[in-house]
Amino acid sequence: MKKAVDKVLNSVSYNAPVVLTFTLIAVVVEILHSITPLRFTHDLFVASRGSLLNPLFYVRLFTHAIGHANWSHLIGNFTTILLIGPMLEEKYGSKKLLMMMLFTAFLTGVLHVILTPYGAVCGASGIVFMFILLAACSNIEDGTIPLTLILIAFIYIGGEVMDMFKRDNVSQLSHIIGGICGGCFGIVFTKPKKSTSSY
């Protein structure tokens, strides 16, 4: 039995270190959120307008992507992240993907603080939308824009623009910013495939 367990454990690969580490940290934070006062999550993992003299203000511009409102919120985000993330990490490399994630989290936090002075944001949904649009760029060819990229941008970003007028606890702004970041990263970092058209 022990040999069988050891064999299984040895065959498990930590195949996407950035994506898996991000997921594990978010799960640990949600566990701590569940067993400690709400203020713990708010102080460290929610971005909102505050004193520029408070060092935590700048930390939260990044860490808000780790904190989540509840388990349902976390599971919804990380289902997509774990599905798409490993493919993106393999394609772009761990370091480059990490930089994309940090930039998206930072830009989302900054613009949320500027544009929604009385609101607060937490969760990885900006990174989710960045991943979706980045994945849609994987079929870019020389001199062409994939129709799938246009459709995904229209469906995801267009839908979020329409939903901005709803009164709910969803940050459509984060989704839009994340999607734009993913599209821009995809265009800049994806090496176009050469067209294989035959004559």
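Computed from a prediction, not measured in an experiment: that's the story for all the values here.

Draft legend 1. Structural view of the overall build of the protein. Looking only at helices and strands, the protein features nine helices and two strands. In the protein, which comprises 199 residues, the share counted as buried stands at 39%. Nonlocal contacts in the protein, meaning residues at least 24 apart in sequence, comprise 74% of its contacts between residues at least 6 apart.

Draft legend 2. The packing of aromatic side chains, seen in detail. Using the criterion set out here, one finds five aromatic pairs in the structure. Seen in terms of ring centroids, F57 and Y58 are 5.2 Å apart; in terms of plane orientation they differ by 85 degrees. Their pairing is edge-to-face. A relative accessible area of 7% means that F57 is categorised as buried. A centroid spacing of 5.9 Å and a plane angle of 70 degrees characterise the contact between F103 and F185, whose relative ring orientation is edge-to-face. Of this pair, F103 sits in helix α6 (residues 94-115) while F185 sits in helix α9 (residues 172-189); the two residues are 82 residues apart in sequence, bridging distant segments of the chain. The class of F103 is partly exposed, set by a relative accessible area of 43%. For F185, a relative accessible area of 13% translates into the label buried. One aromatic cluster is present, built from ring pairs that chain together F103, F185 and F189.

Draft legend 3. The arrangement of the environment of L107 in detail. Tracing the backbone shows L107 in helix α6. On the basis of relative accessible area, L107 is assigned to the partly exposed category, the value being 25%. Taking the C-alpha atoms as reference points, L107 and S174, separated by 67 residues in sequence, lie 9.1 Å from one another. Sequence-distant contacts of L107, defined by excluding residues within four places in its chain, comprise I177 and C181.

Draft legend 4. Structural detail: a nonpolar patch on the surface. A surface patch of nonpolar side chains, about 550 Å² in accessible area, is lined by V28, I31, L32, I35, W71 and I75. Of all elements in the fold, only α2 (17-35) and α5 (71-92) reach the threshold of two or more residues within the nonpolar patch. In terms of residue count, α2 provides more of the nonpolar patch than any other element does, four residues in total. As for its placement among the helices and strands, V28 is situated in helix α2. V28 sits in the partly exposed class, given a relative accessible area of 46%.

Draft legend 5. Spotlight on the state of the cysteines. Here the structure, examined in full by the defined rule, presents zero disulfides. Free of any disulfide, C137 has its nearest cysteine sulfur in C184, 8.9 Å distant. Given a relative accessible area of 0%, C137 falls into the buried group.

Draft legend 6. Seen up close, the confidence of the model for the protein. Looking at the protein, pLDDT values average 84 and 83% of them are 70 or higher. For the protein, the element scoring lowest by mean pLDDT is helix α1 (residues 2-11), at 65; α6 scores highest, at 95.

Draft legend 7. Examining the packing of α2 against α6 more closely. Between α2 and α6, the least distance of the axes is 9 Å, while the angle of their chain directions is 45 degrees. The angle between α2 and α6 falls in the class oblique. Residues P17, V18, V19 and F22 of α2 form the contact with α6, whose participating residues are S94, L97, L98 and M101. For the contact of α2 with α6, the per-class residue count stands at seven nonpolar, one polar and no charged.

Draft legend 8. Up close: the packing of α2 against α5. Following both chains from N to C, one finds α2 and α5 inclined at 170 degrees, their axes separated by 9 Å at the closest point. With respect to each other, α2 and α5 are oriented roughly antiparallel. Across from P17, V18, V19, L20, F22, T23, A26, V27, E30, I31 and S34 in α2, the residues of α5 making contact are W71, L74, F78, I81, L82, G85, P86 and E89. For the contact of α2 with α5, the class distribution of residues is 14 nonpolar, three polar and two charged.

Conventions adopted
Residues numbered from 1 in each chain as written. Predicted model: local features only at pLDDT ≥ 70, side-chain atom pairs only at ≥ 80, totals over all residues. Heavy atoms only, no water. Helix = DSSP H or I, 4+ residues; strand = E, 2+ residues; numbered from the N terminus. Buried < 20%, exposed > 50% of the residue type's maximum accessible area, 1.4 Å probe, protein only. Contact = heavy atoms within 4.5 Å. Phe/Tyr/Trp six-rings, centres within 6.5 Å; stacked < 30°, edge-to-face > 60°. Patch = residues over 30% accessible without salt bridge, like charges linked within 9 Å, V, L, I, M, F, W, Y side chains within 5 Å. Areas by Shrake-Rupley, 256 points an atom, 1.4 Å probe, with all protein chains shown as cover. Salt bridge = Lys/Arg side-chain N within 4 Å of Asp/Glu carboxyl O. Disulfide = S-S within 2.5 Å. pLDDT = per-residue confidence, 0-100. Axes fitted to C-alpha atoms, helices over the stretch in contact; angles between N-to-C directions. Parallel < 35°, antiparallel > 145°, perpendicular 65-115°, else oblique. Nonpolar A, V, L, I, M, F, W, Y, C, P; charged D, E, K, R; others polar.

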